[in-house]
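A structural walkthrough
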Amino acid sequence: MNMSFYSGAVGASQQMKRMNIQANNISNVNNTGFKAERATFHHLMYGNLMGINQENLPKGSGTKVAKASVDFSCKGYAETGRTFDFAIEGDGFFALYDPMADGEISFTRDGAFMMAQFQVPPPEDAEPEIDPVTGEEIEPQPTIEWRLSDNEGRCVLDSMGNFIVIDPDDRKAELDVGVFDYQVYDGMLHADGERFLPIDKNGDLYLGTGEVIQGYLEMSNVDLAEEFVKVIEAQRAYSYALRMVQTSDEIEQTINGLPN
């Protein structure tokens, strides 16, 4: 009897996790470059039980959400005409360098970039200048540099892994926006927004074969019809799991009420 309580409770909690995944997909339906996630279930303890006429009957303790697999398919592009909007036609990702997170490099398909101002510290071996009037030493000062950024403090990298510096007087100049790729996508960690972080399973990083197209953005690949169907499935499964708990409770109450 306790096993039915456990299976029902586990089923309800895992369906809640599934609905959270679907809700996150729906909330990002209009976010450029977003990749939908799919809940992948895996059974818990499982085995066979000897039944009537020596028949093997399956016995288990429910299932759990093993992972949220990411769908990396592309559902099309939207033309924006903006100078710093980019999309990748084919495979690959844009690389983002985060100076505020110990140089973390993440990858995205969202090419909604902008021109942002960054302060560049002087070189460590820079010599101080001498004031021609007072003769005093002037310590080296940081310089200002305009870079291609994701508007969250991260810098977009070119094909050589360097920052993309923009001339504010020539914003229409052609930019070398890098495209990078991995052999295996499975297991990439879905960071906040539309960014992904690689793991050892993904293999080595190499230059991608995708073509950068300017003035376009990749659309979200969330299919609202499919997501609503999956929400209904999760709601039904959730109610059935709770019904299992309720039925088990009613049976146990009946048994406890029987006379000795």
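The coordinates are above.
Now for a look at the structure at hand. (Residues numbered from 1 in each chain as written. Predicted model: local features only at pLDDT ≥ 70, side-chain atom pairs only at ≥ 80, totals over all residues. Heavy atoms only, no water.)

1. Structural notes on helix 1 (residues 2-27)
Owing to its 3.6 residues per turn, the α-helix brings residues three or four apart onto one side. Here helix 1 is 26 residues long and its end C-alpha atoms lie 38 Å apart, about the 38 Å a rise of 1.5 Å per residue gives. Turning to helix 1, its buried residues number three or more, namely Ser7, Gly8, Val10, Gly11, Ala12, Gln14, Gln15, Arg18, Met19, Ile21, Gln22 and Asn25. (Helix = DSSP H or I, 4+ residues; strand = E, 2+ residues; numbered from the N terminus. Expected span 1.5 Å × (residues − 1). Buried < 20%, exposed > 50% of the residue type's maximum accessible area, 1.4 Å probe, protein only.)

2. Details of the packing of helix 1 against helix 2 (residues 224-256)
Where helix 1 meets helix 2, the closest approach of the two axes is 8 Å, and the angle between their N-to-C directions is 160°. By the angle between their axes, helix 1 is roughly antiparallel relative to helix 2. For the crossing formed where helix 1 meets helix 2, the hand is left-handed. Residues belonging to the contact of helix 1 with helix 2 are distributed by class as follows: 16 nonpolar, nine polar and six charged. (Axes fitted to C-alpha atoms, helices over the stretch in contact; angles between N-to-C directions. Parallel < 35°, antiparallel > 145°, perpendicular 65-115°, else oblique. Left-handed = near helix turned anticlockwise from the far one by under 90°. Nonpolar A, V, L, I, M, F, W, Y, C, P; charged D, E, K, R; others polar.)

3. Description of the packing of aromatic side chains
What characterises a pair of aromatic rings is the spacing of the ring centres plus the angle enclosed by the ring planes. On inspection of all chains with the given rule, the structure shows ten aromatic pairs. An angle of 50° between the planes, with centres 5.1 Å apart, marks the rings of Phe72 and Phe196 as tilted. Placement of Phe72 in the loop between strand 4 (63-70) and strand 5 (77-79) and of Phe196 in strand 17 (residues 195-197) is noted, with a sequence separation of 124 residues between them. Note on Phe107 and Tyr182: the rings are 5.5 Å apart at their centroids and 90° apart in plane angle, and the pair reads as edge-to-face. Of this pair, Phe107 sits in strand 8 (residues 104-108) while Tyr182 sits in the loop between strand 15 (180-181) and strand 16 (189-190); the two residues are 75 residues apart in sequence, bridging distant segments of the chain. (Phe/Tyr/Trp six-rings, centres within 6.5 Å; stacked < 30°, edge-to-face > 60°.)

4. Details of the sheet that holds strand 9 (residues 111-112)
The strand order across the open sheet built from three strands is 9-6-19, with neighbouring strands paired in antiparallel fashion. The outermost strands of the open sheet, each flanked by one partner alone, are strand 9 and strand 19 (211-214). (Pairing = 2+ DSSP bridges.)

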